[in-house]
Every structure is written in structure tokens, then in C-alpha cells.
Amino acid sequence: MIFTTHLHRTKTWLRFGAAMLIAFAGASSTAFAARYIPASDDTVLLTLNAPTPRVSSDSSDPSTAARHAQELIDLGRSLHDERYFGYASAALRAWSGDAAPIPIAILRADIAQHQHRFKDALTLLDGVIVRDAHHARARLMRASLHMAQGQPQLARRDCQRLFSAGESFAATVCIAQATSLNGQLDVAYRLLTELLSTTRDGGERHAWALGVAAEMSERRGDLNSAEVWLRKALALSPNDLASQLQLTDVLLKRGQPELAIAILHGTPASEPVLLRRALAAKQMGDQAQAEAALSAWQSAVNESRRIGSTLHLRELAQGQLDLLADSRAALATALDNWQVQREPVDARLLAAAAIAANDPGTVELVRAWRETLDIEDKGLTL
Amino acid sequence: MSTAARILIVPLLWIFAAPVAAHNVGVSYVQIVTADAELAVHIDVSLRDLEFVTGLDRNGDTKITWGEVSANFPSIAEYVVQSLAIARGEQRCSFGKSQLAIDTRAGESYAALILQASCPTNGAVRVKSDLLFGFDDSHRTLLTVRSGQSEKVAVLTNTAREWNESTGASAAFLRFVGQGMWHIWIGFDHLVFLGLLLLPLLQSQQRWTTIAGEVLHIVTAFTLAHSITLLCAALGYVNLPSRWVEASIAASIVIAAFANLLRVPVRFGILMAFGFGLIHGFGFAGALAGILEASTAGAARLVPLLGFNLGVEIGQLAVVAAVFPLLFARRGLLMSQRAIAVGSLAMGACGFHWLLQRTVLS
């Protein structure tokens with residue numbers, strides 16, 4: 001008994017000595033200050049939320065690779081971990097040319113869209129549709145991309161083709177969304193709510209349609225309905241980050257920061273999440289909390305800049321405007337963002353930044369955009 | 001739990017669990033410290049990435065323990081050593097034995113490898129890394145090379161896997177030149193001020209070479225002045241509140257506009273260019289501080305600073321070179337005193353608006 005305790009102590013001291021040695025070796029750099037040797041072999045260093053997907057057979061076989069990549073993408077979505085999209089992309093590297101099999105081109109477009117490389121995604125989808133004009137998923141993805149880029153007229157054509165592909169639910173939601181962005185918000189909203197009242201689907205597509213309805217409600221100035229739609233969407237797919245962020249924004253607009261923070265509880269601290277936490281903390285009015293949340297967001301942005309990864313321009317512009325009160329930087333970022341995405345929310349942001357930075361030219365640009373598309377949005381103040 | 005109770009508890013939870021930002025891509029870290037022919041190499045690779053590459057979770061219980069990591073040490077070390085090539089001069093360095101520890105970065109556990117590398121010669125360091133790039137298209141490797149007091153930082157990506165001590169530095173320099181040019185382009189108030197100083201030259205009846213000489217004088221005086229204060233502020237010798245600086249820049253525009261309306265001589269314009277240039281320099285320093293990391297201090301700021309300043313000059317001269325000949329060609333229409341007055345009034349009004357915005361309205 002005494003002997004084992006002694007042995008245990010010796011081991012502890014040895015470990016301590018080793019740790020000190022390594023700490024000394026690393027002391028030259030403050031960046032390595034957190035280095036240590038865990039106290040026990042049983043110390044858990046990482047808990048995986050799911051077993052790591054492995055390629056069971058030949059990874060040069062396109063259908064095996066596609067299945068593997070799909071698994072990785074699904075995991076990335078459910079864990080909100082961007083890394084899995086990088087893994088999936090690498091798993092499909094052998095088919096990076098134009099002649100990639102259709103299922104692989106679709107996956108590559110999905111990855112590109114997720115990483116905000118909209119041009120790449122569009123090129124891939126164009127290639128698929130040239131080869132298979134009835135490919136429903138490609139049509140729907142392309143329609144969404146066109147809408148995100150403020151081109152509802154182009155989107156409509158793809159939406160209509162979904163009917164002939166037998167996807168009437170998706171086609172109706174798609175057309176409603178495109179129409180709502182093109183001068184007929186009320187008609188589109190009525191169409192969509194009627195569809196939703198008769199739908200018993202309950203799947204991912206249903207949740208997507210609820211998100212579209214919420215976006216329309218927001219533009220109609222009806223934040224209560226927007227919240228109801230989004231809570232339904234989250235009941236169907238509780239882990240969907242886009243719905244979580246959308247609901248957080250609605251709650252922040254209504255001045256309910258406590259509820260907004262509750263939505264994001266337990267969500268990995270990515271830039272979009274940190275921005276909303278900082279906005280909520282600011283609204284709550286506690287100086288110390290607001291500063292801590294602000295610096296957490298800022299350090300995430302700085303880190304993204306440092307490692308040269310894609311910045312979330314929409315979030316960055318909003319933070320520069322609402323948190324840093326740097327209207328000129330916000331305007332520059334919002335303009336960069338405008339080159340990539342042109343949803344109503346992007347227009348609102350650009351207009352707000354342009355007004356704050358006193359740039360009538362840009363305000364005029366947003367006004368012209370609104371008039372060309374005939375977009376209705378109660379939240380867009382010009 | 002009732003919703004009300006949840007509302008009360010949740011905010012407390014997230015505040016105490018200090019949020020650590022997750023990376024939006026996979027990141028590994030390679031730090032090289034040079035000491036003569038020996039190199040100390042520190043490599044941090046995320047356990048999640050290693051699990052994906054080498055399969056750390058031996059018992060398949062989705063928990064990765066220190067025991068599993070150390071049992072996998074040989075395969076981890078082999079993978080890392082094979083993925084990383086370091087050379088000095090043209091000669092490749094060879095790795096010695098490695099040690100293993102754990103590091104925490106962005107809230108995540110990393111396997112930390114410490115290696116010694118010995119190199120045949122003492123030349124410039126070159127690094128090529130394939131670490132993780134075979135498995136993750138978005139992966140980033142943050143490379144730090146320290147020798148003595150100097151530290152160089154680079155980011156390696158799937159499409160740019162190599163770094164060279166000499167070219168790395170010039171790429172960083174060029175990046176700051178670009179930032180400087182960008183700033184002058186979006187920092188409209190600097191251009192308005194310069195425009196006001198140059199505007200009176202349009203009524204000059206001199207030959208174009210003489211006028212070009214006067215443009216050069218004014219631009220050089222402005223450049224000289226803002227370079228001095230940019231240098232002082234960026235190196236931390238002088239520190240002024242940015243609100244005060246921004247308001248003074250706006251005021252300088254108003255004053256320059258008045259000077260034009262009062263038809264002060266060109267020589268006075270050169271004086272103003274220098275005097276107010278000093279204030280504009282503090283404005284540039286503020287923009288530069290936004291780009292530089294807080295950790296970059298002292299002499300390490302010198303290269304970015306020079307690059308940024310050079311970029312500002314290039315951007316400024318490019319605008320002057322593009323706009324002035326145009327105005328000059330049209331001076332038949334513009335040279336009347338009235339046109340100068342209207343231009344000055346318009347720009348002065350801009351300045352006055354900015355002044356209000358930055359003082360009483362903010």
C-alpha cells in the first residue's frame with residue numbers, strides 16, 4: 001500500500017518534470033503557453049459527436065466517394081463544423097474537372113454554396129443542367145443561388161421546371177419565394193401559407209418552406225408571424241443553424257435579447273453566432289458583458305483574417321455598423337458583400353451603412369435595385 | 001423548466017463559459033525557431049484532424065483519451081514528419097526524435113509535437129508542408145519562423161504549400177502596399193482635401209510643366225507630413241484620440257475650402273498641405289492599426305508601415321495622375337474663378353458635414 005502510493009507519487013513527479021521540461025521548451029513562445037501533459041491516460045481530450053466516417057472500399061470509385069462525401073457534409077451540417085466540408089471537398093478532388101459524374105458535381109456545388117463560393121456553385125450546376133435538364137435538385141439549388149444573388153426572374157424559370165420533375169411542393173415554395181422578390185409579396189405569402197396549412201410533410205423541405213415564410217413575414221413587418229414560422233421550423237429540425245440565426249435576428253429586432261441568446265445556447269461559437277451574442281449583450285445593456293462578447297467576436301474576425309479564411313461579410317458589416325459604429329468600414333464591407341449576395345437583408349444592411357456613412361450614391365444604388373425588382377420590404381429604410 | 005426560468009439561467013451560463021471562437025476552417029500550427037544549424041520545430045495538429053487522418057479512436061467509443069493519443073504517437077509522428085519538409089539554403093534538414101504533449105487552441109485539443117531538426121547549412125529557411133492538405137481542401141497551416149528577434153508569419157494552403165524566407169517577406173510587404181492603396185481609395189476625405197489644394201492651380205496661366213511642378217510640390221508636402229506622423233503614431237511615440245483626429249481632418253477640408261474662396265496664393269497651399277498633412281497622418285495610423293494585429297509592436301511594425309505608406313502614396317498619385325490631366329484639358333471651362341469657387345464650396349460643404357457628423361452629431 002505504502003509502496004504503491006510512493007510509486008504513484010514518483011510517477012506524478014516524473015510527469016510534472018516532463019511537463020516542466022516541455023513547458024520550458026515552449027516558453028520561448030507565448031503562443032504555446034497552453035501546452036501540457038494530461039494527468040492520466042484516461043483523460044478525455046476530445047469527444048466526437050459521431051463516429052468518424054471512413055471509406056470502406058475503393059475511394060477512387062465515384063459512387064463510394066460520393067457516399068463518403070455526403071456523409072461528411074451531413075456531419076458538418078449537423079455539428080456546425082466547417083471542417084467536414086473541407087474533408088468532403090478533398091474526398092472529391094479526383095473529379096474536379098467539368099466531366100465529374102452528376103452526383104459528384106451536385107455535392108461539389110453544395111460544398112461551394114456552403115462556403116459562399118457562389119460562382120463556382122453556379123458553374124457546377126449549369127454543367128449538371130446542360131447534361132440533365134430535369135435534375136430537380138440542381139434546378140432547386142440554382143434557383144436558390146439566383147435568389148440569393150437578387151435575380152428572382154432567373155430563379156423562376158428553374159422553379160417552374162420543378163413541376164415537370166414531379167416536385168410540386170418544392171416548385172410551389174420556390175415560385176412563391178421568387179415571386180415575393182419580384183413585386184408580389186402578398187400574393188406569394190398567401191400562396192405559401194395555404195400550402196403550409198395543408199402540408200403534413202414534416203421533413204427538411206417543410207422546414208425550408210417555413211424559413212421562406214418567415215423571411216416574407218419579416219418583410220411584411222410581421223415579426224410575430226416570423227417567430228411562429230421559425231419556431232415551427234426549429235421544431236422540425238432543431239439543429240438547423242440558418243433557422244437559429246434567422247430567429248435570433250427576429251428576436252433581436254423585437255428587442256428580446258434574452259430570448260435571442262437562449263436560441264443560440266450550446267451552438268458552436270462561429271463568427272455569425274458570436275456577432276449575435278454581442279448584439280444581444282449590447283441590447284441587454286450590461287457594459288462588462290457587452291464588452292466581453294464584443295471582443296470574442298472581434299478576435300474571431302481577426303483570427304479569420306490572420307489565417308486567411310473566408311470572412312462572413314454580412315456579419316462583419318453588421319458588426320462594424322452596430323457594434324463598432326465604424327460606418328465607413330461597414331459600408332466598404334457591405335459593398336463587398338453586395339458583390340456576393342443580394343438578398344433583402346443585404347440590401348437593408350447596405351442601405352443602413354450607406355446612410356450612416358453619408359453616401360447618397362450607394363443609397364441611390366439600393367433604391368434603384370428596389371425599384372427594378374419591385375421588392376417590398378418594410379424593414380428597408382431609404 | 002419554465003421558459004422564464006430558462007431565460008434567466010441561460011445568459012448566466014454563456015457568460016461564465018467564456019466563449020472561445022471555433023475556427024471556420026481546420027488550422028494547424030508550425031513554429032520554427034532557428035539557432036545556427038539546429039532548428040526547434042513545434043507542430044500543433046488538432047486531434048479531430050488526426051482522428052480523421054490516422055484514426056485515434058481505437059476502441060470506437062467516440063472519446064479520445066490521452067492514452068489513445070500517446071499509443072498512436074508513432075503513427076502521428078510518422079505522418080507529421082513525412083508531411084513536412086524543411087530546408088536551409090538548398091539542403092534539406094533532417095528531423096531528430098520528437099516529444100508529444102497536448103495543447104489547447106480555440107477551445108480544442110491539439111497534439112503538440114516538438115522536434116529537433118539539424119540542417120547541413122545556415123541559409124534561408126524554406127518550408128513545404130503537405131500536412132492535412134491531402135485530406136482537407138480548406139485546411140490552413142499557420143507558419144511562424146523565428147530567428148533571434150525577428151519573426152515571420154505565413155499561411156500555407158492547399159494551393160500554396162511552400163514558403164520561402166525571402167519571398168515570404170516581400171509578399172507581406174506587397175499586401176500592405178495594397179492595403180494602403182485601398183485605404184486612400186475608400187478614405188474619401190483625404191482625396192477631397194488634396195483636391196481642394198490642387199483646385200486653384202486650374203486658373204494658372206503657366207505652362208503645363210510649371211503647373212505639374214506645383215502639383216508635385218503640394219503632393220510632396222502632404223506626403224512628407226503625413227509620413228512623419230504616421231511613423232510616429234504607428235511606432236507608438238504619439239497617440240491622439242481618433243475622434244479628435246477625424247474631426248480635425250474634416251476641419252482641414254473646411255479651412256482649405258475657405259482658403260480657396262479667399263484666393264490665397266499657391267505657396268500658402270503648400271504650407272497647408274504640410275500642416276494639415278500632419279493630422280491626416282494620424283488618420284492613416286488609425287487605419288493601419290485596424291489592419292495590424294495588436295501583437296505586432298515596435299520594429300516589427302516597420303515593414304508593414306513602409307508598405308502601407310507606399311501604398312497610400314501610389315494610390316494618391318494614381319488618382320491625381322488620372323484626374324488632373326482631365327481637369328487640365330478642360331480648364332478652358334473650369335479656369336474661371338467662379339468654377340473654382342463652386343468646387344470649393346461643394347467640397348467645403350462635404351467637409352462641414354463630416355465635421356458635424358464627427359463632433360456634435362456623433
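In this text, all values refer to a predicted model and were calculated from it rather than measured experimentally. (Residues numbered from 1 in each chain as written. Chains lettered and ligands numbered in written order. Predicted model: local features only at pLDDT ≥ 70, side-chain atom pairs only at ≥ 80, totals over all residues. Heavy atoms only, no water.)

Draft legend 1. Local environment of the overall build of chain A. Along chain A, the regular secondary structure elements total 19 helices and one strand. Its C-alpha atoms give chain A principal-axis dimensions of roughly 85 × 55 × 40 Å. A separation threshold of at least 6 residues defines the contact pool for chain A, and within that pool the share at least 24 residues apart is 53%. If you sum the accessible surface of chain A, you get close to 17,700 Å²; carbon and sulfur atoms cover 55% of it. (Helix = DSSP H or I, 4+ residues; strand = E, 2+ residues; numbered from the N terminus. Contact = heavy atoms within 4.5 Å. Areas by Shrake-Rupley, 256 points an atom, 1.4 Å probe, with all protein chains shown as cover.)

Draft legend 2. Examining the interface of chain B and chain A more closely. Listed as interface residues are 68 residues of chain B and, on the opposing side, 66 residues of chain A. Between the two partners, chain B and chain A, sit nine salt bridges. Linking Arg328 of chain A and Glu246 of chain B is a salt bridge whose minimum nitrogen-to-oxygen distance equals 3.1 Å. One can count 30 residue pairs in polar contact (both at pLDDT 80 or more) joining chain B with chain A. Here the residues of the side of chain B that touches chain A are counted per class, giving 30 nonpolar, 20 polar and 18 charged. Where strand β1 (residues 44-47) of chain A and strand β3 (residues 63-65) of chain B come together, three bridges link them in antiparallel fashion. Opposite Val44 of chain A, over in β3 of chain B, you have Thr65 of chain B as the bridge partner. (Salt bridge = Lys/Arg side-chain N within 4 Å of Asp/Glu carboxyl O. Polar contact = N/O pair within 3.5 Å; in protein donor to acceptor, adjacent residues only side chain to side chain. Nonpolar A, V, L, I, M, F, W, Y, C, P; charged D, E, K, R; others polar. Pairing = 2+ DSSP bridges.)

Draft legend 3. Fine view of the pattern of salt bridges. One pass over the structure, following the stated rule, counts 39 salt bridges over all chains. Notably, a salt bridge pairs Arg231 of chain A with Glu227 of chain A, separated by 2.9 Å at the nearest N-O pair. In this pair, Arg231 of chain A and Glu227 of chain A both sit in helix α11 (residues 223-236), four residues apart, roughly one turn of the helix. We note a salt bridge from Asp103 of chain B to Arg105 of chain B, for which the minimum N-O separation is 4.0 Å. Exposure class is identical for Asp103 of chain B and Arg105 of chain B. Each is buried. Overlapping salt bridges bring together Asp81 and Arg83 of chain A together with Arg48, Asp49 and Glu108 of chain B as one network. (Buried < 20%, exposed > 50% of the residue type's maximum accessible area, 1.4 Å probe, protein only.)

Draft legend 4. Main features of the packing of aromatic side chains. Throughout the structure, instances matching the rule amount to eight aromatic pairs over all chains. Between the aromatic rings of Tyr84 of chain A and Tyr87 of chain A, the centroid separation amounts to 5.4 Å while the plane-to-plane angle is 85 degrees, which identifies the pairing as edge-to-face. Taken as a pair, Tyr84 of chain A and Tyr87 of chain A lie in helix α3 (residues 83-91) at a separation of three residues, close to a single helical turn. Between Phe193 of chain B and Phe222 of chain B the ring centres are 5.6 Å apart and the planes differ by 45 degrees, which places this aromatic pair in the tilted class. Placement of the pair is Phe193 of chain B in helix α6 (residues 188-198) and Phe222 of chain B in helix α7 (residues 208-234), with a sequence separation of 29 residues. (Phe/Tyr/Trp six-rings, centres within 6.5 Å; stacked < 30°, edge-to-face > 60°.)

Draft legend 5. Unusual backbone geometry, seen in detail. All names here are of chain A. Not every positive phi belongs to a glycine, and His116 is a case in point at roughly 60 degrees. As for its position among the elements, His116 is in the loop between α4 (102-114) and α5 (118-131). Although it is not a glycine, Asn358 sits at a positive phi angle of roughly 55 degrees. In this structure, Asn358 sits in the loop between α18 (344-356) and α19 (360-373).

Draft legend 6. Geometry of the packing of α3 of chain A against helix α2 (residues 47-54) of chain B. Between α3 of chain A and α2 of chain B, whose axes approach to 12 Å, the crossing angle comes to 25 degrees. Judged on the interaxial angle alone, α2 of chain B and α3 of chain A are roughly parallel. The interaxial crossing formed by α3 of chain A with α2 of chain B has right-handed handedness. For the pair formed by α3 of chain A and α2 of chain B, the contact residues are Arg83, Tyr84 and Tyr87 of chain A on the first element and Arg48, Asp49 and Phe52 of chain B on the second. (Axes fitted to C-alpha atoms, helices over the stretch in contact; angles between N-to-C directions. Parallel < 35°, antiparallel > 145°, perpendicular 65-115°, else oblique. Left-handed = near helix turned anticlockwise from the far one by under 90°.)

Draft legend 7. Here's a closer look at the sheet that holds strand β8 (residues 125-129) of chain B. All names here are of chain B. As summarised here, the arrangement of the four strands in space is β5-β4-β8-β11, forming an open sheet in which the pairing is antiparallel. Only two strands of the sheet have a single neighbouring strand rather than two, namely β5 (91-92) and β11 (162-164). Pairing between strand β4 (residues 84-88) and β8: five bridges, direction antiparallel. Counted as the bridge partner of Arg88 is Val125 from β8.

Draft legend 8. Main features of the side chain of Asp346 of chain A. Examined against the element boundaries, Asp346 of chain A turns out to sit in helix α18. With residues up to four places along the chain from it excluded, the contact list for Asp346 of chain A reads Arg314, Asn337, Trp338 and Gln341 of chain A.

Draft legend 9. Quick peek at the sheet that holds strand β9 (residues 140-147) of chain B. Residue and element names in this part refer to chain B. Read across the open sheet, the six strands follow the order β6-β7-β2-β1-β9-β10; overall the sheet is mixed. On the outer flanks of this sheet lie β6 (94-105) and β10 (150-157), each paired with one strand and no other. Adjacent strand axes in the sheet meet at a mean angle of 15 degrees, parallel and antiparallel pairs treated alike. Two elements, strand β1 (residues 27-35) and β9, share eight bridges in a ladder whose sense is parallel. Paired with Val33 across the bridge in β9 is Arg146. Along the sheet, α2 makes contact with β2 (38-46) and β7 (108-118), crossing β2 at roughly 85 degrees.

Draft legend 10. Spatial organisation of the state of the cysteines. Enumeration according to the criterion identifies two disulfides over all chains in this entry. Through a disulfide, Cys159 of chain A is tied to Cys174 of chain A; the S-S separation comes to 2.0 Å. Here Cys159 of chain A and Cys174 of chain A share a disulfide; its torsion about the S-S bond, -60 degrees, makes the bridge left-handed. Residue Cys159 of chain A is found in helix α7 (residues 152-164), and its partner Cys174 of chain A is found in helix α8 (residues 168-180); the two are separated by 15 residues along the sequence. For Cys174 of chain A, a relative accessible area of 1% gives the class buried. What pairs with Cys93 of chain B in a disulfide is Cys119 of chain B, and their sulfur atoms sit 2.2 Å apart. The disulfide joining Cys93 of chain B to Cys119 of chain B has a torsion of about 105 degrees about its S-S bond and is therefore right-handed. Taken together, the residues span a long stretch of sequence, with Cys93 of chain B in the loop between β5 and β6 and Cys119 of chain B in the loop between β7 and β8 at a distance of 26 residues. (Disulfide = S-S within 2.5 Å.)

Draft legend 11. Here's a closer look at α11 of chain A. Residues and elements named next belong to chain A. Between its terminal C-alpha atoms α11 stretches 20 Å, which fits the 20 Å expected from 14 residues at 1.5 Å a residue. Looking only at α11, the buried set comprises Leu223, Ala226, Glu227, Trp229, Leu230, Ala233 and Leu234. Along the axis of α11, the buried positions cluster into a sector of 165 degrees, meaning they face one direction only. Tucked inside the fold, the buried residues of α11 contact α9 (185-198), α10 (204-219) and α12 (241-253). (Expected span 1.5 Å × (residues − 1). Arc of directions from axis to C-beta.)

Draft legend 12. Spotlight on the packing of α4 of chain A against helix α6 (residues 136-148) of chain A. Residues and elements named next belong to chain A. Viewed as axis vectors pointing N to C, α4 and α6 meet at an angle of 20 degrees, and their least axial separation amounts to 11 Å. Relative to α6, the element α4 is oriented roughly parallel. The way α4 lies across α6 gives a crossing that is left-handed. Counted together, Ile106, Ala109, Asp110 and Gln113 of α4 and Arg137, Ala138, Met141, Ser144 and Leu145 of α6 form the full contact between these two elements. Residues belonging to the contact of α4 with α6 are distributed by class as follows: five nonpolar, two polar and two charged.

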